[in-house]
Amino acid sequence: MSQLFSLTIPPVASHPGGTLVCTQPAPAVYLLTLTSPPDNRITAPVCRALLEALDIVEFGYPPGVVVTTSGIAKFYSNGLDLEHAVKTDGFWALLYSVWRRFLSYPMPTVALINGHAFAGALMLATAHDYRLAPSPRGFLCVNELLFGAPLKPPMAALFRTKFPALAYRNLVLEARRFAAPEAVAAGIADAVAEKPEDLLAFIAARDLTTKAKSGIYGVLKAEMYHELIDYMKTPGLEGHDARFDEAQAHEAERREFGKVWYEQWLKDTKAKL
């Protein structure tokens, strides 16, 4: 397997950095392997490295298939570092630009999920055209429910657009962990990958290396997902964010009035006893 290029991911906050290495396991197959210990958290430097790698492949090599995977056995990625995301100016716009790039990329993209893919990691994989679920180990999960974090409008739109309604509900409202066979059955993943050869077999079965040759693949994707992409860039993003913030403000107000009403109801009820 020949190495085409390697990008250095600089350290940030508590993260030591790492590498994003592009290899070519077969003609016109570009495998991007992220290794950023301990669990491939998605940080601003990781986002920038992904964007740079996608540009290098698009403008420096013949059309083919782009695959992302992990050099860490246990994790495809453990998702976002939320503290880093909140404290980093421009992080959300940068993250969404990565998703937009995959959603409109002019070649087929495959997420070779070879370990756990939680929360933001599954969002990244969902922005790809295809997902291969890990076997025998590794879960696909959206666990925001468990640690009390909302899904921002672009996040919810990504899952709502890409997955069947039942899978969306089970992912988001149950925080269900999907093993590979369940993920495929639910429409979250396209196939199971038990060994590296499964990736090449998947690509060959769909003749994916030829799809970008006509030069129209990215245009077709961008139009297919134009409503989803609108959630991820201005002015659409600003409108959806404003709607979301207004809904949260109304909910906070409702809860505050609800507490007051309940306390009064309790007082009145006790007075009648």
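Coordinates for the structure precede this section.
So, how was this worked out
Residues numbered from 1 in each chain as written. Predicted model: local features only at pLDDT ≥ 70, side-chain atom pairs only at ≥ 80, totals over all residues. Heavy atoms only, no water. Helix = DSSP H or I, 4+ residues; strand = E, 2+ residues; numbered from the N terminus. Buried < 20%, exposed > 50% of the residue type's maximum accessible area, 1.4 Å probe, protein only. Areas by Shrake-Rupley, 256 points an atom, 1.4 Å probe, with all protein chains shown as cover. Core = buried A, V, L, I, M, F, W, Y, C linked by side-chain atoms within 4.5 Å. Contact = heavy atoms within 4.5 Å. Pairing = 2+ DSSP bridges. Expected span 1.5 Å × (residues − 1). Salt bridge = Lys/Arg side-chain N within 4 Å of Asp/Glu carboxyl O. Disulfide = S-S within 2.5 Å. Axes fitted to C-alpha atoms, helices over the stretch in contact; angles between N-to-C directions. Parallel < 35°, antiparallel > 145°, perpendicular 65-115°, else oblique. Left-handed = near helix turned anticlockwise from the far one by under 90°.

Another point: the overall build of the chain. A tally of regular secondary structure across the chain gives 12 helices and 10 strands. Judged by the C-alpha coordinates and their principal axes, the chain covers about 80 × 40 × 40 Å. When burial is assessed residue by residue, the chain has 49% of its 273 residues classed as buried. Per element, the accessible surface of the chain, about 13600 Å² overall, is 58% carbon and sulfur.

Moving on to the nonpolar core. Counting residues in each nonpolar core, the largest one holds 67 residues, and the members touching the most others are Leu20, Trp99 and Ile188. The leading source of residues in this core is helix H1 (residues 44-60), at nine residues. Ignoring any residue separated from it by four or fewer positions in sequence, one finds Ile188 in contact with Arg131, Leu140, Phe163, Ala167, Leu171, Phe178 and Ala183. Among the nonpolar cores identified, the runner-up in size contains 16 residues, and Ala26, Val65, Leu112 and Leu199 belong to it.

This brings us to the pairing of strand E6 (residues 109-112). The alternating pattern of E6 places Thr109 and Ala111 on one face and Val110 and Leu112 on the opposite face, and all of these are buried. When strand E4 (residues 65-70) meets E6, the two strands line up parallel, connected through three bridges. Bridged to Val67 within E6 is Val110. Here E6 pairs with strand E8 (residues 130-134) via three bridges, running parallel. What sits directly across from Leu112, in E8, is Leu132.

Attention now moves to helix H3 (residues 91-103). Taking 1.5 Å of rise per residue, 13 residues should cover 18 Å, and H3 covers 19 Å from first to last C-alpha, within 8% of that figure. Across the 13 residues of H3, 10 count as buried, placing the element largely inside the fold.

An ideal rise of 1.5 Å per residue puts 54 Å on 37 residues; helix H12 (residues 236-272) measures up with 53 Å between its terminal C-alpha atoms. Where H12 is concerned, the buried positions are Gly236, Leu237, His240 and Phe244.

So, on to the pattern of salt bridges. All told, the structure shown has eight salt bridges when counted by the stated rule. When the shortest N-O distance is used, the salt bridge between Arg41 and Asp39 registers 3.2 Å.

Take the state of the cysteines next. Under the criterion given, the structure shown has zero disulfides. Looking at Cys22, it has no disulfide partner, and the nearest cysteine sulfur is the one in Cys47, 18 Å off.

Secondary-structure assignment places Leu50 in helix H1. Classification of Leu50 by relative accessible area gives buried; the value is 6%. C-alpha separation for the pair Leu50 and His116, spaced 66 residues apart in sequence, amounts to 19 Å. When neighbours within four sequence positions are excluded, Leu50 is seen to be in contact with Leu20, Val98 and Leu124.

Put simply, H3 and helix H6 (residues 153-162) touch, their axes get as near as 12 Å, and they point 20° apart. Judged by the angle between their axes, H3 and H6 are roughly parallel. For the pair H3 and H6, the crossing hand works out as left-handed. Seen from H3, the contacting residues are Trp92, Tyr96, Trp99 and Leu103; seen from H6, they are Pro154, Met155, Leu158 and Lys162.

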